[in-house]
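# Breakdown of the fold
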Amino acid sequence: MLGRSANGIFWLFRYLERAENTARLVEAGFRMALTRDAADASDEWRSVVVTLGLQGAYQAKFGSDYAGSNVFNFILRDRDNPGNVLSMVEQARHNARMVRTGITREVWEAVNESWMVLKEELARTVTETRLGGVLDLVRRQSTLVRGAMEGTMLRNDIYYFARAGSFIERADNTARLLDVKYYVLLPSVSYVGSSLDNVQWDNVLRAVAGDRAYRWLNAGRMEARGIAEFLMLDGRFPRSLAFCYAQLRDYLDRLSDEYGDRLETHEIVARTHQQLKHQTIDAVFELGLHQVIGQFIAANNHLAQQIQRDYRFTE
């Protein structure tokens, strides 16, 4: 596959995954804000902006006013935010059109429909009463594209690049959400283990669609160490870091078989996957959750860049 086509496929599915993850994060922020008074609700919305790396752009427009309506409209549709959800879906559509001959008709139609539906829905300001429906729509459209891909695409290099893009993005989102929970969401260490702390952890699990799975495995116990272990190291949960890297390693190994070479990309993913497989949650907390997550995010970004270098992605 030419580098330009590989780049288009890789970023098509990164943008779609990022849009869905962003919607999930906004929903978590909304749920958290509902449990707090007005002043503390602003802190919850600020944490969402920080997680997404948009603090500078947001403050340039709104200063230190983290009112909910300002935050979720900025994230979903504001033209002053080039990384808004509508722009992500538009970029996904642009990439899908660029690689139109490499994807099936069903995938193209699902991507195109997603853009048209969301463009219409986000043409006007999102109110608090409409927010839940808009977020559901973003997630649903992403699911439709993923279903079209799973049901119609050949399992070849195009599919492998698509899945690699999805899992790199998903791992980054889970890691950032965990990091911000510990260092932004919780107002004080005195809240650790409190009802407020438990509500926040519950909303973190909801943000990654992991609340029910976690309860099945842990008899409903809400405990920080157990939740961190679940989201980082449990290879059964499809949004955990361990699961994402098992999938990444598998798809990148298939690319290696397809092209007949082994690149630096494969060494990086194998190294990170092995670290996750042999890591224990006790070791994570001993080293410091923030430090471990920070190292993971850096390694994940390095992997994404190395894939683009190794496979000669071009814009």
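Notes on the structure follow. Starting afresh in each chain, residues are numbered from 1 along the sequence in its written order. The predicted origin of the model limits local features to residues at a pLDDT of at least 70 and limits the giving and counting of side-chain atom pairs to 80 or more, whereas totals for whole chains, interfaces and linings rest on all residues. Hydrogen atoms and water are omitted, and side-chain values are computed over all heavy atoms in the structure.

## What to know about the overall build of the protein
Applicable threshold: A helix here means a DSSP run of H or I that spans at least four residues, while a strand means a run of E at least two residues long, and both kinds are numbered starting from the N terminus. Any two residues whose heavy atoms approach within 4.5 Å are treated as being in contact. Residue-level accessible areas treat just the shown protein chains as cover; the underlying method is Shrake-Rupley with a 1.4 Å probe. Positive residues here are Lys and Arg, negative ones are Asp and Glu, while His and the chain termini are left out of the count. Charged groups are reduced to one reference atom each: NZ for lysine, CZ for arginine, CG for aspartic acid, CD for glutamic acid.
When you go through the protein residue by residue, the secondary structure sums to 15 helices and 0 strands. Structurally, the protein occupies a C-alpha span of about 55 × 50 × 35 Å along its principal axes. When contacts within the protein are restricted to residue pairs at least 6 apart in sequence, those whose partners lie at least 24 apart make up 67%. Accessible area of the protein: about 13,900 Å², with a carbon and sulfur share of 48%. Counting 39 positive and 40 negative side-chain charges, the protein places the centres of these two groups 3 Å from one another.

## A word on the pattern of salt bridges
What counts is decided by this rule: One speaks of a salt bridge when a side-chain nitrogen belonging to Lys or Arg is within 4 Å of a carboxyl oxygen belonging to Asp or Glu. Residue burial is assigned from relative accessible area. The probe radius is 1.4 Å, only protein chains are included, and a residue is buried under 20% of its type maximum, exposed over 50%, and partly exposed in between.
Tallied over the full model, the rule gives 26 salt bridges. Residues Arg 146 and Glu 20 are paired through a salt bridge, measuring 3.0 Å at the closest nitrogen-oxygen approach. Of this pair, Arg 146 sits in helix α7 (residues 128–152) while Glu 20 sits in helix α1 (residues 3–34), placing them 126 residues apart in sequence. Taking the shortest distance from any N to any O, the salt bridge between Glu 27 and Arg 31 comes out at 3.6 Å. Taken together, the positions of Glu 27 and Arg 31, both in helix α1 and 4 residues apart, correspond to about one turn of that helix. The partly exposed category is assigned to Arg 31, whose relative accessible area is 32%.

## Some remarks on the environment of Trp 45
Positionally, Trp 45 belongs in helix α2 (residues 38–51). Remark: the alpha-carbon pair of Trp 45 and Arg 18, spanning 27 residues in sequence, is separated by 18 Å. Residues contacting Trp 45, with those up to four places away along its chain left out, are Val 26, Gly 29, Phe 30, Ala 33, Tyr 66, Gly 68, Val 71, Phe 72 and Leu 131.

## Some words on the packing of helix α6 (residues 105–121) against α7
The criterion, for reference: As a rule, the C-alpha atoms of each element are fitted with a line to give its axis, helices using only the stretch in contact, and angles between N-to-C directions run from 0 to 180 degrees. Under this scheme an angle from 65 to 115 degrees is roughly perpendicular, one under 35 degrees roughly parallel, and one over 145 degrees roughly antiparallel; angles in between are oblique. Under the grouping applied here, Gly and all other residues not named as nonpolar or charged are polar, the nonpolar ones being Ala, Val, Leu, Ile, Met, Phe, Trp, Tyr, Cys and Pro and the charged ones Asp, Glu, Lys and Arg.
Remark: α6 packs on α7, axes separated minimally by 8 Å, with the N-to-C direction vectors making an angle of 170 degrees. In terms of orientation, α6 lies roughly antiparallel with respect to α7. Judged by residue contacts, Glu 106, Val 107, Ala 110, Val 111, Glu 113, Ser 114, Val 117, Leu 118 and Glu 121 of α6 engage Arg 130, Val 134, Leu 137, Val 138, Gln 141, Leu 144, Val 145, Ala 148, Met 149 and Thr 152 from α7. Among the residues forming the contact of α6 with α7, the class breakdown is 12 nonpolar, 3 polar and 4 charged.

## A look at the nonpolar core
Put simply, the test is: Definition used in this section: a nonpolar core is a set of buried Ala, Val, Leu, Ile, Met, Phe, Trp, Tyr and Cys residues joined via side-chain atoms within 4.5 Å.
Among the nonpolar cores identified, the biggest contains 102 residues, and Trp 45, Leu 131, Leu 231, Met 232 and Leu 303 are the most heavily contacted of them. Per element, the largest residue contribution to this core is 16 residues, and it comes from α1. Each residue touching Leu 303, except ones within four places of it in the same chain, is listed here: Ile 168, Tyr 245, Leu 248, Leu 252, Thr 265, Ile 268 and Val 269.

## Describing the side chain of Arg 239
Formally: Each polar contact in these results corresponds to two N or O atoms within 3.5 Å; when the atoms are within protein, one needs to be able to donate a hydrogen and the other to accept it, and residues that are neighboring in sequence are counted only if both atoms are side-chain atoms.
Summarising the element assignment, Arg 239 is placed in the loop between α11 (224–233) and α12 (241–259). Within the structure, the side chain of Arg 239 is placed 3.0 Å from the side chain of Glu 20, a separation counted as a polar contact.

## Some details on the packing of helix α5 (residues 85–98) against α6
Under the convention used in this document: Crossing handedness follows the turn of the near helix against the far one: under a right angle anticlockwise gives a left-handed crossing, and clockwise gives a right-handed one.
Packing of α5 against α6 leaves a shortest axis separation of 9 Å and a crossing angle of 150 degrees. Overall, the two elements α5 and α6 adopt an arrangement that is roughly antiparallel. Crossing geometry of α5 relative to α6 is assigned as left-handed. Residues Leu 86, Val 89, Glu 90, Ala 92, Arg 93, Ala 96 and Arg 97 of α5 form the contact with α6, whose own contacting residues are Trp 108, Val 111, Asn 112, Ser 114, Trp 115, Leu 118 and Lys 119.

## Regarding α11
Working note: α-helix, 3.6 residues per turn, so residues spaced by three or four point in the same direction. For α11, a buried count of 8 out of 10 residues is recorded, marking the element as mostly surrounded by other parts of the structure. Taken residue by residue, α11 has Ala 224, Gly 226, Ile 227, Ala 228, Phe 230, Leu 231, Met 232 and Leu 233 as its buried positions. Put simply, Glu 223 is the residue that caps the front of α11, since its side-chain oxygen is 3.0 Å from the backbone nitrogen of Arg 225.

## Describing the packing of aromatic side chains
So the rule is basically this: For this analysis, a ring pair means two rings from Phe, Tyr or Trp (six-membered ring only for Trp) whose centres lie within 6.5 Å, classed as stacked if their planes differ by under 30 degrees, edge-to-face if by over 60, and tilted for the remaining angles. Counting as a charge over the ring demands two things of the Lys NZ or Arg CZ atom: a distance within 6 Å of the ring centre and an angle within 35 degrees of the ring normal.
Across all of its chains, the model carries 18 aromatic pairs by this definition. Summarising the aromatic geometry, the rings of Tyr 159 and Tyr 160 are spaced 6.4 Å apart at their centres and angled 75 degrees between planes, so their arrangement reads as edge-to-face. Taking the centre distance of 6.4 Å and the plane angle of 15 degrees together, the rings of Phe 167 and Tyr 251 count as stacked. With Phe 167 in helix α8 (residues 157–185) and Tyr 251 in helix α12, the pair connects residues that are 84 residues apart, well separated along the chain. Take Tyr 251: its relative accessible area is 8%, and that puts it in the buried class. Grouped by ring-pair contacts, the aromatic residues Tyr 159, Tyr 160, Phe 167, Phe 243 and Tyr 251 constitute a single cluster. Above the face of the Trp 11 ring, Arg 14 is positioned so that its terminal group lies 4.4 Å from the ring centre. Taking the ring centre of Tyr 159 as reference, the NZ or CZ of Arg 155 above it sits at 4.2 Å.

## A word on α12
Our working rule: Between the first and last residue of a helix there are one fewer steps than residues, each counted as 1.5 Å, and that sum is the expected span.
Helix length check: α12, at 19 residues, gives a terminal C-alpha distance of 27 Å against a target of 27 Å (1.5 Å per residue), a fit within 8%. Among the residues making up α12, those that are buried are Leu 241, Ala 242, Phe 243, Cys 244, Tyr 245, Leu 248, Tyr 251, Leu 252, Leu 255 and Ser 256. Immediately downstream of α12, the backbone of Gly 260 shows phi near 75 degrees, a positive value.

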